[in-house]
Amino acid sequence: MTASPSVTTLAAADDGSAPDCADYWLCQQVYEWSGAEWLAENARALIATPARILLIVVVAVLVRHLAHRAIRRLTDTTAVGPLPSILRARRLRATALGDGAEQLTARRTQRAEAIGSVLRSCASIVVLSIAVVLVLGELGINLAPILASAGVVGVALGFGAQNLVKDFIAGIGIILEDQYGVGDVVDLGEAGGTVEAVGLRITRLRDVNGVVWYARNGEILRVGNKSQGYAQVVIDMPVAHDTDLERCRTVLQEVADQMYAEEEWAGVLLAEPESLGVEMITAEGVVMRLQVRTTNADQWRVGRELRLRLKERFALEGIRTPVPLLSAAGTPAGAS
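The rules we used
The residue numbers shown here count from 1 along each chain, following its written sequence. Residues qualify for local features only when their pLDDT is at least 70, as the model is predicted, and side-chain atom pairs are given and counted only at 80 or more; totals for whole chains, interfaces and linings, by contrast, use all residues. No hydrogens and no water enter the side-chain calculation; it runs on all heavy atoms of the structure. Think of it this way: any DSSP run of H or I at least four residues long counts as a helix, any run of E at least two long counts as a strand, and we number them from the N terminus. Only protein chains enter the accessibility calculation, which uses a 1.4 Å probe; a residue whose area is less than 20% of its type maximum is buried, one above 50% is exposed, and one in between is partly exposed. Only heavy atoms enter the contact rule, under which two residues are in contact if any of them lie within 4.5 Å. Pairing of N or O atoms within 3.5 Å defines a polar contact, subject to two protein rules: one partner must be a possible hydrogen donor and the other a possible acceptor, and residues neighboring in sequence count only if both atoms are side-chain atoms. Whether two strands pair comes down to DSSP finding at least two bridges between them. Here an angle of 0 to 180 degrees is reported between the N-to-C directions of two axes, which are lines fitted to C-alpha atoms, with helices fitted over the stretch in contact. Working definition of a nonpolar core: buried Ala, Val, Leu, Ile, Met, Phe, Trp, Tyr and Cys residues. They are joined through side-chain atoms within 4.5 Å. Throughout, the term roughly parallel applies to angles under 35 degrees, roughly antiparallel to angles over 145, roughly perpendicular to angles from 65 to 115, and oblique to all others. The handedness criterion is simple: a crossing whose near helix is rotated anticlockwise from the far helix by less than a right angle is left-handed, and one whose near helix is rotated clockwise is right-handed. Salt bridge, as applied in this entry: a Lys or Arg side-chain nitrogen positioned within 4 Å of an Asp or Glu carboxyl oxygen. Helix span is expected to be 1.5 Å times the residue number reduced by one. By construction, the arc corresponds to the directions joining the helix axis to the C-beta atoms.

Colleague: Which residues make up the overall build of the chain, and what values go with them?
Modeller: Across its full length, the chain carries nine helices and eight strands. In the chain, which comprises 336 residues, the share counted as buried stands at 30%. Sequence separation of at least 24 residues holds for 61% of the intrachain contacts in the chain that already meet a minimum separation of 6.

Set out below in structure tokens:
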């Protein structure tokens, strides 16, 4: 009659021919395969633990790779997209979208790269942290003191580096929300100019005088972006009180329409100009307003060109500018 396995195991244990860890299935398998008692007794430390650690590392690498791949596909989709219809000049051919499209594409690419870099770094840190904790657990290290110490260090850093954390969080928000990018002309309150670099902690910009300003992202409360999307060039032309205002309005419209019809400005002017008429009446004269929608990069060039043409046309039409008022002493206002 054949003895049961439990009886056989107990008998073998009493004879000293089986390892002490015979109740562990891996120990039994190793002993049956190798016959080495020391290897069977240390099967947990020599085989099971390294195998689990290796599995954790492999899974962590795989998860990190999949996360980076998903982030890369997401950022690539963000970087390559259709040009908004509001930025298309109506007379542009499909094969030539102008500088506005190129600038928008470059801006999207820069923003996608910045967002992708931040997201990949966050994904790597999260995956690595979880993997390290699991590996330490497999090595039998008590994680309670480590987690408690990490909590204390986190609280200390939270109190001691509040401004730094605030700057980083604000920088991430600026990048994700696309508030401004490199090359934009912005007004940050006390500082304004062209953005030269956007980091997670600071923003660097250069004003019209060449002065470089460094603004902490956490201290930026409001942003006026003069280069995002499109620009509205608003030109106010002062004229004398006795001017034929309807004729003046027609002249403004004709000058702007003539510029709009030229091929040189086809990729710059995004919509037909609008002569809005009287904007303001003052003691010196009447202010007439003209409005033109243009690409953000060419708004200053368009404004200068329009003012030059309007000045020349006003001189030909005999449209006079306001005469300065006389001061109480009988001299023109503002004269020394």
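Colleague: Break down the side chain of T295 for me, with residues and values.
Modeller: With respect to the helices, strands and loops of the structure, T295 is situated in strand β8 (residues 286–295). A polar atom in the side chain of T295 sits 2.7 Å from the side chain of D298.

Colleague: Quick rundown of the sheet that holds strand β6 (residues 230–239)? Include the residues and the values.
Modeller: Strand order across the open sheet formed by three strands is β6-β8-β7, with antiparallel pairing between neighbours. The open sheet has two free edges, formed respectively by β6 and β7 (274–281), since each of these has just one partner strand. Taken over all neighbouring pairs, the strand axes of this sheet differ in orientation by 30° on average, direction set aside. Relative to β8, β7 is paired through six bridges, and the arrangement is antiparallel. If you follow V278 over to β8, its bridge partner there is M288. The sheet strands contacting helix α8 (residues 245–261) are β6, β7 and β8, and the helix crosses β8 at an angle near 20°. Set on the sheet, helix α9 (residues 299–317) makes contact with β6 and β8; between it and β6 the angle comes to about 25°.

Colleague: Let's hear about the nonpolar core: which residues, and what values?
Modeller: As a rule of thumb, soluble globular proteins bury nonpolar side chains together. Counting 23 residues, the largest nonpolar core has V239, L269, V302, L306, L310 and F314 as the members making the most contacts within it. Within the residue set of this core, elements represented by two or more residues are β6, α8, β8 and α9. Looking at this core element by element, the count peaks at seven residues for α8. Those residues in contact with F314 that lie beyond four places of it in its chain are M237, V239, C248, V251, L252 and I319.

Colleague: Quick rundown of the packing of α8 against α9? Include the residues and the values.
Modeller: For the pair α8 and α9, the least separation of the axes is 10 Å and the interaxial angle reads 135°. By the angle between their axes, α8 is oblique relative to α9. Between α8 and α9 lies a crossing whose hand is right-handed. Across the interface between the two elements, R247, C248, V251, L252, E254, V255, A256, Q258 and M259 from α8 touch V302, E305, L306, R309, L310, R313, F314 and E317 from α9.

Colleague: How would you explain the pairing of strand β4 (residues 212–216) if you had to name every residue and give the values?
Modeller: One ladder, built from five bridges, connects strand β3 (residues 202–206) with β4; its direction is antiparallel. Considered in β4, the bridge of L205 is made with W213.

Colleague: Tell me about the sheet that holds strand β5 (residues 224–225), and name the residues and values.
Modeller: The five strands lie next to each other as β4-β3-β2-β1-β5, forming an open sheet whose pairing is antiparallel. Strands with a single pairing partner mark the edges of an open sheet, and in this sheet they are β4 and β5. Pairing analysis gives three bridges linking strand β1 (residues 185–187) to strand β2 (residues 192–198), with the strands arranged antiparallel. Considered in β2, the bridge of V186 is made with G193.

Colleague: Describe the pattern of salt bridges, and please don't skip the residues or the numbers.
Modeller: Applying the stated criterion across every chain yields a total of 14 salt bridges. The partner of D298 in a salt bridge is R301, with the nearest N and O atoms 3.0 Å apart. R309 is paired through a salt bridge with E305; the nearest N and O atoms lie 2.8 Å apart. A residue pair is termed a helical-turn pair when its members lie 3 or 4 positions apart in one helix, as R309 and E305 do in helix α9 at four residues. Classification of R309 as buried rests on a relative accessible area of 18%. Residues joined in a network through salt bridges with shared partners are R247, E254, R313 and E317.

Colleague: Please set out α9 residue by residue, giving values where relevant.
Modeller: For α9, spanning 19 residues, the distance from its first C-alpha to its last is 26 Å, which sits close to the expected 27 Å at 1.5 Å a residue. Of the positions making up α9, those classed as buried are Q299, V302, G303, L306, R309, L310, R313 and F314. Along the axis of α9, the buried residues cluster in a sector spanning 140°; they form a single face. Residues of α9 that are exposed and point over 90 degrees away from its buried face: R304, K311, A315 and L316. Buried positions along α9 lie against β6, α8 and β8. The positive-phi residue at the C-terminal boundary of α9 is G318, with phi of around 75°.

The values are spatial; any link to function lies outside them.
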